[in-house]
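Close look at the chain arrangement
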Amino acid sequence: MTSTPTDVRLARRLCALRLEKGWSLETLAEMTSISRATLSRIERGESSPTASLMNHLCIAYGLTMSRLLSEVEAEGPDYLRLADQPVWHDRENGFERRSVSPPASQFRGEMIEGRLRGGALIEYHAPPVDGIEQHIWVLGGVLNFSMGQHQWRLEAGECLRFHLSGPTAFHAPDEAGAHYVLVVCR
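Attention here is on the structure that accompanies the text.

1. Side note on the pattern of salt bridges
Taken as a whole and assessed by the stated rule, the structure comprises eight salt bridges. Across the pair Arg 18 and Glu 43 runs a salt bridge whose closest N-O atoms are separated by 2.8 Å. Taken together, the residues span a long stretch of sequence, with Arg 18 in helix H1 (residues 5-21) and Glu 43 in helix H3 (residues 36-43) at a distance of 25 residues. For the residue pair Arg 18 and Glu 43, the accessibility class agrees, reading buried in each case. In this structure, the salt-bridge partner of Arg 98 is Glu 113, at a minimum N-O distance of 3.0 Å. Remark: Glu 113 occurs in strand S3 (residues 109-116) and Arg 98 occurs in strand S2 (residues 95-99); sequence separation between them is 15 residues. In this structure, Arg 98 and Glu 113 share a single accessibility class: buried. A cluster of three or more residues bridged by salt bridges with shared partners is formed by Arg 98, Glu 113 and Arg 115.

What follows is the structure, encoded as structure tokens:
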């Protein structure tokens, strides 16, 4: 695996969070159902976590994935060129996440560009922060989104607003995949 600067900073931040809590790898493994060996590889930057593993870690730390990833992105200007927007990949599940909004802790809203390859399915067993407001705006392709017992099929140009709760899933059922913007309101 070739580590990107974001992967390296993420590994360091995850290790620091665990140490700040005073948890051993064994304790975190028990809390997240992620093996100690996997956690160790992630914290050493030898392995990049999947979106699902990130969700488990975010729940343990009480952070949204957006907040965690924004903590590893340098505080910067109010204007962020495309080439400077941090990108995180879950290669195993065919997910690419681009932080469109310039990182800034004093703002409450954030835009994230997501791309799922055709057939990709990402499931989260619980939200890292229950009740947070989110919006999904589909730019291209089709995105099936489910939250608890509710399911939506979103096509290009359509937008869904919700308060995050319960298990969720993002699925790109078509070969073309799905391209969307997720707005997170902290």
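Having seen the model, we can carry on.
2. Some points on the state of the cysteines
Per the counting criterion, the structure on display carries zero disulfides. No disulfide involves Cys 159; its sulfur sits 10 Å from that of Cys 185, the nearest cysteine.

3. Quick word on the nonpolar core
Soluble globular proteins tend to bury their nonpolar side chains together. If you look at the biggest cluster of nonpolar residues, it comprises 44 residues, and the most contacted ones within it are Leu 116, Ile 136 and Tyr 180. Ranked by residue count, the leading element in this core is helix H4 (residues 51-61), at six residues. When sequence neighbours within four positions are dropped, the list of residues in contact with Tyr 180 reads Phe 95, Ile 112, Glu 113, Gly 114, Arg 115, Leu 116, Ile 136, Trp 137, Val 138, Leu 139, Leu 143 and Phe 170.

4. Section: the pairing of strand S8 (residues 168-171)
Where strand S4 (residues 121-124) and S8 come together, four bridges link them in antiparallel fashion. Across the sheet, residue Ile 122 finds its bridge partner in S8, namely Phe 170. Sheet topology places strand S5 (residues 133-147) next to S8; four bridges connect them, and they run antiparallel. The partner of Asn 144 across the bridge, within S8, is His 171.

5. Topic: unusual backbone geometry
Positioned with a positive phi, Ser 33 is a non-glycine residue whose angle comes to about 65°. Within the secondary structure, Ser 33 sits in the loop between helix H2 (25-32) and H3. Assessed through its relative accessible area of 68%, Ser 33 is described here as exposed.

The rules behind each value
Residues numbered from 1 in each chain as written. Predicted model: local features only at pLDDT ≥ 70, side-chain atom pairs only at ≥ 80, totals over all residues. Heavy atoms only, no water. Salt bridge = Lys/Arg side-chain N within 4 Å of Asp/Glu carboxyl O. Helix = DSSP H or I, 4+ residues; strand = E, 2+ residues; numbered from the N terminus. Buried < 20%, exposed > 50% of the residue type's maximum accessible area, 1.4 Å probe, protein only. Disulfide = S-S within 2.5 Å. Core = buried A, V, L, I, M, F, W, Y, C linked by side-chain atoms within 4.5 Å. Contact = heavy atoms within 4.5 Å. Pairing = 2+ DSSP bridges.

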